[in-house]
Number of protein chains: 2
Amino acid sequence: MPKVVDHDQRRREIVEALWHIASTRGLEGVSLGEVATAAGVSKGLVQHYFGTRDQLLMHATGYLRERVEQRIAARVAAAPDSASGTLRAVLVALLPTDDDSRTESLVANAFLVRAHNDPVLTARFREGTSQVRNALTAAIGAAQRDGDLRADLDPAREADLLLALVSGLGEALLLGHHTPDAAVALLDHHLGRLATAGGPGFGHDG
Amino acid sequence: MPKVVDHDQRRREIVEALWHIASTRGLEGVSLGEVATAAGVSKGLVQHYFGTRDQLLMHATGYLRERVEQRIAARVAAAPDSASGTLRAVLVALLPTDDDSRTESLVANAFLVRAHNDPVLTARFREGTSQVRNALTAAIGAAQRDGDLRADLDPAREADLLLALVSGLGEALLLGHHTPDAAVALLDHHLGRLATAGGPGFGHDG
């Protein structure tokens, strides 16, 4: 009986090998040969599945996005069923507060460094950021209509400020400048300033 | 007459060669030989002046700090002579809003990526961050005593939030998600929320 090759499994192993390299040493100078060695397969097989190194990297950014989206969805599902609960859940999901999200942040960082010199990657990051920004803007608008966030806020501007804040808090977490609890408390303090007097106590009652 | 060698000049050229490499392709896998080639000198000369690669990198972080400190000092000198003016000047100086500060941010980014796997570099970054954080905390406290910032703020907490905000805005600037003017306007909007009713109009009257 011929051996049955699980192509999906092999492709996943190769992407996860690249993932491991990105999170431990970055992506600078990474080669298909290095990825193949890390995955325990031949360089020819990596080329067969993914083509060029740039195509493999692009595939890996898709994998990164999928994982981040899954983490956001899981946080939102566990959060209070309100626009303000969703808003906070998305923001907390973007912080590297555990091993998985920390690895994802390191991988994202490695891609960010490459993106500074790569217009295709830059465009992809901009697209991902736009999606999150739009989701935050919508959640802020909905929370205003619920009476949870102040009516005088400009949702798009607040979304930009919140995105910058979680990005900076994420970097501080990776460097060990804050504990995860302290970073979430800082985020909650900022959110508390956006809330109405009778609105949600972010980080207190949810 | 023997040729007079300007050692300081040569050392500076070597550090600037490393600087150029860091800002264009990052520091991953950088070797003394590569730095020597970029500086147009021999590898032996780089070793003579700096010793090991790690010693050269450490020297370059000192150069980075000097340049950032000079930029902060210049911004503070040009700002309104008040604690709130100083606070805003330090924060704006930390944003990559022109070619020089953009290069510095890219170099800092390259060191940050290394720092994730290097305890000595991590400690150095933490020390640098602590200094800025202390300066911001002091400026916030002084601006509160001047009646420019709200008395109910916790200066250390606001300093952490501001540091995270400029860090995240800086990353967004490097990726072209915001123009420099838009990033400064977002910072000013945040600062405006910390001001007293009769306090400074950040970004308006200074």
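The shown structure was predicted, so the numbers you read here are calculated from the model rather than taken from an experiment.

(A) The arrangement of the nonpolar core in detail. Ranked by internal contacts, the top residues of the largest apolar core, which has 32 residues, are B:L87, B:L91, B:L136, B:L149, B:L162, B:L187 and B:L191. Among the elements of the structure, helix 8 (155-174) of chain A together with helix 5 (83-93), helix 7 (119-145), helix 8 (155-174) and helix 9 (180-194) of chain B are those that each provide at least two residues to this core. Residues within four places of B:L136 in sequence aside, it is in contact with B:L87, B:V90, B:L91, B:A159 and B:L163.

(B) Quick peek at the packing of aromatic side chains. Residue and element names in this part refer to chain A. Under the definition given, this model contains 2 aromatic pairs over all chains. The interplanar angle of 75° and the centroid separation of 4.9 Å between the aromatic rings of W19 and Y63 together place this pair among those described as edge-to-face. One end of the pair, W19, is in helix 1 (residues 7-25); the other, Y63, is in helix 4 (residues 53-78), and 44 residues separate them in sequence. Judged on exposure class, the residue W19 and its partner Y63 are both buried. Over the aromatic face of F50 sits the side chain of R11, whose NZ or CZ is 4.9 Å from the ring centroid.

(C) Seen up close, the interface of chain B and chain A. Counting residues at the interface gives 36 residues for chain B and 36 residues for chain A. For the pair chain B and chain A, the summed buried area comes to about 3300 Å², and 62% of that belongs to carbon and sulfur atoms. By the criterion of area lost to chain A, the three top residues of chain B are B:H116, B:L175 and B:R193, representing 20% of everything that side buries. Connecting chain B to chain A are 2 salt bridges. Of the charged contacts in the structure, one is a salt bridge between B:E158 and A:R193, with a shortest N-O distance of 2.9 Å. In this assembly, chain B and chain A are joined by 8 residue pairs in polar contact (both at pLDDT 80 or more). Counting residues per element, the ones that place at least two in the side of chain B that touches chain A are helix 1 (7-25), helix 6 (99-115), helix 7, helix 8 and helix 9 of chain B. Counting residues per element, the side of chain B that touches chain A draws most heavily on helix 8 of chain B, which supplies 11 residues. Residue composition of the side of chain B that touches chain A, grouped by class: 14 nonpolar, 13 polar and 9 charged.

(D) Molecular detail of the packing of helix 6 of chain B against helix 8 of chain B. Residues and elements named next belong to chain B. Their axes nearest at 11 Å, the elements helix 6 and helix 8 cross at an angle of 110°. For the element pair helix 6 / helix 8, the angle class is roughly perpendicular. The segment helix 6 lies against helix 8, with R102, S105, L106 and N109 engaging E171, L173 and L174.

(E) Just the environment of B:P155, in detail. All names here are of chain B. Structurally, the position occupied by P155 is in helix 8. Once the C-alpha coordinates of P155 and A138 are considered, the two residues, 17 residues apart in sequence, prove to be 7.5 Å apart. Among residues more than four places away in sequence, those in contact with P155 are T137, I140, G141 and Q144.

(F) Just helix 4 of chain A, in detail. Residues and elements named next belong to chain A. Helix length check: helix 4 (26 residues) gives 38 Å between terminal C-alpha atoms against 38 Å at 1.5 Å per residue, within 8%. Taken as a whole, helix 4 has its buried residues at L56, L57, A60, T61, G62, Y63, L64, R67, R71 and I72. Buried positions along helix 4 lie against helix 1, helix 2 (32-39), helix 3 (43-50), helix 5 (83-93), helix 6 (99-115) and helix 7 (119-145).

(G) Up close: empty space enclosed by the protein. Summed over the entire model, instances satisfying the criterion amount to 2 cavities of 30 Å³ or more. One number sums up the size of the largest cavity: a volume of about 110 Å³. Lining the largest cavity are 14 residues, and of these A:E28, A:V113, B:G26, B:E28 and B:V113 sit closest to its centre. Partitioned by chemical class, the residues of the lining of the largest cavity number 6 nonpolar, 2 polar and 6 charged. By volume, the second largest cavity amounts to about 70 Å³. Lining the second largest cavity are A:A22, A:S23, A:T24, A:R25, A:G26, A:L106, A:N109, A:A110, B:V113, B:H116 and B:N117. Mapped by element, the contributors of at least two residues to the lining of the second largest cavity are helix 1 and helix 6 of chain A.

(H) Geometry of the UniProt feature "DNA-binding region" (unreviewed entry) in chain A. In the numbering used here, UniProt assigns the feature "DNA-binding region" (unreviewed entry) to residues 31-50 of chain A. Regarding residues 31-50 of chain A, the helix share stands at 80% and the strand share at 0%, and the terminal C-alpha atoms are separated by 13 Å.

(I) Representation of a negative patch on the surface in the model. All names here are of chain A. A grouping of D6, D8, E13 and E16 is seen on the molecular surface, where their side chains present a negatively charged patch. By the element assignment, E16 lies in helix 1. Classification of E16 as partly exposed rests on a relative accessible area of 38%.

Cut-offs and rules
- Residues numbered from 1 in each chain as written.
- Chains lettered and ligands numbered in written order.
- Predicted model: local features only at pLDDT ≥ 70, side-chain atom pairs only at ≥ 80, totals over all residues.
- Heavy atoms only, no water.
- Core = buried A, V, L, I, M, F, W, Y, C linked by side-chain atoms within 4.5 Å.
- Buried < 20%, exposed > 50% of the residue type's maximum accessible area, 1.4 Å probe, protein only.
- Helix = DSSP H or I, 4+ residues; strand = E, 2+ residues; numbered from the N terminus.
- Contact = heavy atoms within 4.5 Å.
- Phe/Tyr/Trp six-rings, centres within 6.5 Å; stacked < 30°, edge-to-face > 60°.
- Lys NZ or Arg CZ within 6 Å of the ring centre and 35° of its normal.
- Buried area = accessible area lost by both parts, 1.4 Å probe.
- Salt bridge = Lys/Arg side-chain N within 4 Å of Asp/Glu carboxyl O.
- Polar contact = N/O pair within 3.5 Å; in protein donor to acceptor, adjacent residues only side chain to side chain.
- Nonpolar A, V, L, I, M, F, W, Y, C, P; charged D, E, K, R; others polar.
- Axes fitted to C-alpha atoms, helices over the stretch in contact; angles between N-to-C directions.
- Parallel < 35°, antiparallel > 145°, perpendicular 65-115°, else oblique.
- Expected span 1.5 Å × (residues − 1).
- 1 Å grid on protein atoms, 1.4 Å probe; cavity = no way out; pocket = protein on both sides within 12 Å on 5 of 7 lines; lining within 4 Å.
- Points joined across faces, edges and corners; volume = space filled by probe spheres on them.
- UniProt positions renumbered as here; feature names shortened; annotations may be inferred.
- Patch = residues over 30% accessible without salt bridge, like charges linked within 9 Å, V, L, I, M, F, W, Y side chains within 5 Å.
- Areas by Shrake-Rupley, 256 points an atom, 1.4 Å probe, with all protein chains shown as cover.
- Lys, Arg positive; Asp, Glu negative; His and termini not counted.
- Charge placed at Lys NZ, Arg CZ, Asp CG, Glu CD.

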